[in-house]
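Topology and contacts: notes
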Amino acid sequence: MFYYVLKYVVLGPVLRLLFRPRIEGLENIPEDGAAIVAGNHLSFSDHFLMPAILKRRITFLAKAEYFTGPGIKGRLTAAFFRSAGQIPVDRSGKDAGQAAIREGLGVLNKGELLGIYPEGTRSHDGRLYKGKVGVAVMAITAGVPVIPCAMVGTFEIQPPGQVVPKIKRVAIRFGEPLDFSRYAGMENQKAAIRAVTDEIMYAILELSGQEYVDEFAAKVKAAEQAAAPPRKFPKLRR
């Protein structure tokens, strides 16, 4: 119930008014039945802009940190994500991927739309990174289509670290559904799920026009942080 209040009364109209999103390919979202919407992830704003323009409800697998933040801000963020029906996923530990897949399949088994960011994290520099294979496992196991999605301009309005987004027009593009029925029964074959994931990422790339990096975003970000010179703090005068 609260999801639809946010979508049609509280948040949706405000987002449409402020960011005036150009929407392309909305007809590619099926009117009913299970499907995966797989998109690039450039900004915290992505969590709100895409659901605001879809006619159907969509459930995202959200990182657990959104539900465990400290203080008033943390509690408000957790309440918002829970009320919007988003599912917390612990991304730490060796079983994290399997937990995310189980949660995602639960959504698909109910005939609903599942939203996922195959990169696994927000892009820290606006480029598109190598996708993780969980999206392929879910698509093959559930036998559902994957609709590629590109958020365009959201990095410019709210890059990582920026709290308040700039008021600027963005675009949201949906590609034609991708059918992976030819891979039925191959969800445990590494070559198959890698091929499916790469096909999904290429479709997103075609829509977004981003520069592509054939490495995982988290790995590149960690390497850049490790190579960065240590911050120097001014000495205190006595």
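Residues numbered from 1 in each chain as written. Predicted model: local features only at pLDDT ≥ 70, side-chain atom pairs only at ≥ 80, totals over all residues. Heavy atoms only, no water.

**Some thoughts on the pairing of strand β5 (residues 113–116)**
Side chains Leu113 and Gly115 project from β5 onto one buried face, and the interleaved Leu114 and Ile116 project onto a second face that is buried too. Pairing between strand β2 (residues 35–39) and β5: four bridges, direction parallel. From the neighbouring strand, Ala38 faces β5, where its bridge partner is Ile116. Two strands pair when backbone bridges link them, and strand β3 (residues 58–63) and β5 are joined in this way by three bridges, in the parallel orientation. (Buried < 20%, exposed > 50% of the residue type's maximum accessible area, 1.4 Å probe, protein only. Helix = DSSP H or I, 4+ residues; strand = E, 2+ residues; numbered from the N terminus. Pairing = 2+ DSSP bridges.)

**Brief notes about the nonpolar core**
Counting 31 residues, the largest nonpolar core has Ile36, Met138, Val146, Phe180 and Ile200 as its most contacted members. Broken down by secondary-structure element, the contributors of at least two residues to this core are β2, β4 (87–89), α5 (96–109), β5, α6 (134–142) and α8 (190–208). Sequence-distant contacts of Val146, defined by excluding residues within four places in its chain, comprise Ile36, Ala38, Ala139, Glu176, Pro177, Leu178, Phe180 and Ile200. Within the second largest apolar cluster, 22 residues are counted, among which are Ala35, Val37, Val170 and Ile172. (Core = buried A, V, L, I, M, F, W, Y, C linked by side-chain atoms within 4.5 Å. Contact = heavy atoms within 4.5 Å.)

**Digging into the layout of surface pockets**
The space that makes up the second largest pocket amounts to roughly 700 Å³. Along its surface, the second largest pocket is lined by 26 residues, and Phe44, Phe48, Lys73, Gln158 and Val163 are the ones closest to its centre. The set of elements that each furnish at least two residues to the lining of the second largest pocket consists of α2 (12–19), α3 (46–53) and α4 (71–83). Element by element, the count of residues in the lining of the second largest pocket is highest for α4, at six residues. (1 Å grid on protein atoms, 1.4 Å probe; cavity = no way out; pocket = protein on both sides within 12 Å on 5 of 7 lines; lining within 4 Å. Points joined across faces, edges and corners; volume = space filled by probe spheres on them.)

**Quick look at the sheet that holds β5**
Here seven strands make up an open sheet; going across it, the order is β1-β8-β7-β2-β5-β3-β4 and the pairing mixed. A single partner strand is all that each edge strand has here, and the edge strands are β1 (22–24) and β4. The sheet shows a mean angle of 25° between the axes of neighbouring strands, taken without regard to direction. Pairing of strand β7 (residues 146–152) with strand β8 (residues 171–174) involves four bridges; the strand directions are antiparallel. Across the sheet, the residue bridging to Met151 is Ile172, located in β8. With respect to the sheet, α3 is in contact with β1, β2, β3, β7 and β8, its orientation differing from that of β8 by roughly 65°. Sitting on the sheet, α8 touches β2, β7 and β8, and the angle it makes with β7 is about 35°. (Axes fitted to C-alpha atoms, helices over the stretch in contact; angles between N-to-C directions.)

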